Structure formats: structure tokens, C-alpha cells
Amino acid sequence: RWRHRKDQDPSEAYRLAHEDFGQAIQVNPHSPEGWVNRAETAMGWADWRSDRKQDVGELLDRAALDLTEAVKLHPGHADAYVQRGILYHATRRFAEAVADYEKALALQPALREQVEPRLGDARARARVMAVLGPALADLEASDEDVSAGRYADARRRIEEGLRLAEEARAAVSAEEWNRVLPAKY
């Protein structure tokens, strides 16, 4: 039961719905729908609280736990996998998103139209980030070197990071790269 009124702040509506689904879970903790619905309201609530990063992180962490509980209760619940895939995708956990999208499609092929675009995007992002990850790590470490006054180390890390970024660029298709990173990169 959603307690949302047209004149109500959407963030408050999501909060109330989240509470309602929490109560539903207390009544029937073995129903995966309660867990999925509470996770969906947490994700919606997080969208409306984007200015409060800590709150958003906590809401998304709770949503991931709720969706994982739904999957444990009912491993054949395709929507739980879709929703968790969406959550992982939004939080840049692309390989996990791919796994959940693929599981949802295996369980319910009728979801193909809804899931395929997300799956393609998550696959491309997972591949690009896998090859780009070492370059990003070197570039992040260079910040620490600069802060500590180790300028030669910072320069070496930046050069290595750029070299690895060029290798990453060559390792994936232009379509994947352009899907993940805007043309200016």
C-alpha cells in the first residue's frame, strides 16, 4: 500500500513506502516480493536524495541486501535478478550486473526486450573497466604521490597510467569504448 499523495514530496513518499514494505516483510519474511519491493523503494528514494551521498550509499547497500535476500528465498525470482542487476549497474559493479541480467534472462526469456539493452551496456562497461582499471589505479596513486611530495613517482605513475589507457583503448572495440566513454576521451 503506497501512502503517496499528489501534493507529497516524492522522497517522503518513497520513505513511507519503504516503511510499508518493511512491515510487510515482518508479517511475511519468506515472501521474496516484499524484499524486492522494499529494495525498489530504496532505489527510488535514493534517486530523490542524490544530494546526500552518505544516505544514498546506505539506501543502496540496504537495497542490495534486500535483493540478495529475495534471491536466497526464491532463486527463480527473475525480477529480483533484474532489479539487483539495475542496482549493480548504477553503482558501477558491471560484472555483477552482467551476471544478474544473464541469470534473469535464463530464468525468464520473455524479459529479453527489457534486459538486453541493459545487459549490452553492462557488458561493454565491464570490459572497458577491466582493461582500464590498472590505468585508473596508477592515476589515482599519482595523486597520493603528489600529496606526499614524491613528484618523480607521480610522473612515472601518470606516464604508466596513460600507457595502460592507450593499451586499454586498443583492447576493446570502438563501439564498446564509445558506448562507455564520451568521444572527448
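Just so you know, these numbers come straight off a predicted model, no measurement behind them.

A.B. asks: Would you mind showing me how to read the confidence of the model for the protein here?
C.D. replies: Detailed conclusions should not be drawn from predicted coordinates in areas where pLDDT is low. Across the protein, the average pLDDT comes to 84, with 87% of residues at or above 70. The least confident element of the protein is helix H8 (residues 174–180), whose mean pLDDT is 68; the most confident is helix H5 (residues 94–107), at 96.

A.B. asks: Mind showing me how you'd approach the pattern of salt bridges here?
C.D. replies: Side chains carrying opposite charge are able to pair once their charged atoms draw close together. Following the criterion strictly, the structure yields ten salt bridges and no others. As a salt-bridge pair, glutamate 102 and arginine 123 come within 2.7 Å of each other at their nearest N and O atoms. Highlighted residues: glutamate 102 in helix H5 and arginine 123 in helix H6 (residues 112–147), separated in sequence by 21 residues. With relative accessibility at 35%, the residue glutamate 102 sits in the partly exposed group. Looking at arginine 123, the relative accessible area reads 39%, which means it is partly exposed. Among the salt bridges present, the one from arginine 155 reaches glutamate 159, with a minimum N-O distance of 3.0 Å. Of this pair, arginine 155 and glutamate 159 both sit in helix H7 (residues 151–171), four residues apart, which is roughly one turn of that helix. On the accessibility criterion, arginine 155 (57% relative accessible area) is exposed. The class for glutamate 159 is partly exposed, based on a relative accessible area of 44%. In the salt-bridge network here, residues are joined through shared partners; they are Glu12, Arg15 and Glu19.

Parameters at a glance
- Residues numbered from 1 in each chain as written.
- Predicted model: local features only at pLDDT ≥ 70, side-chain atom pairs only at ≥ 80, totals over all residues.
- Heavy atoms only, no water.
- pLDDT = per-residue confidence, 0-100.
- Helix = DSSP H or I, 4+ residues; strand = E, 2+ residues; numbered from the N terminus.
- Salt bridge = Lys/Arg side-chain N within 4 Å of Asp/Glu carboxyl O.
- Buried < 20%, exposed > 50% of the residue type's maximum accessible area, 1.4 Å probe, protein only.

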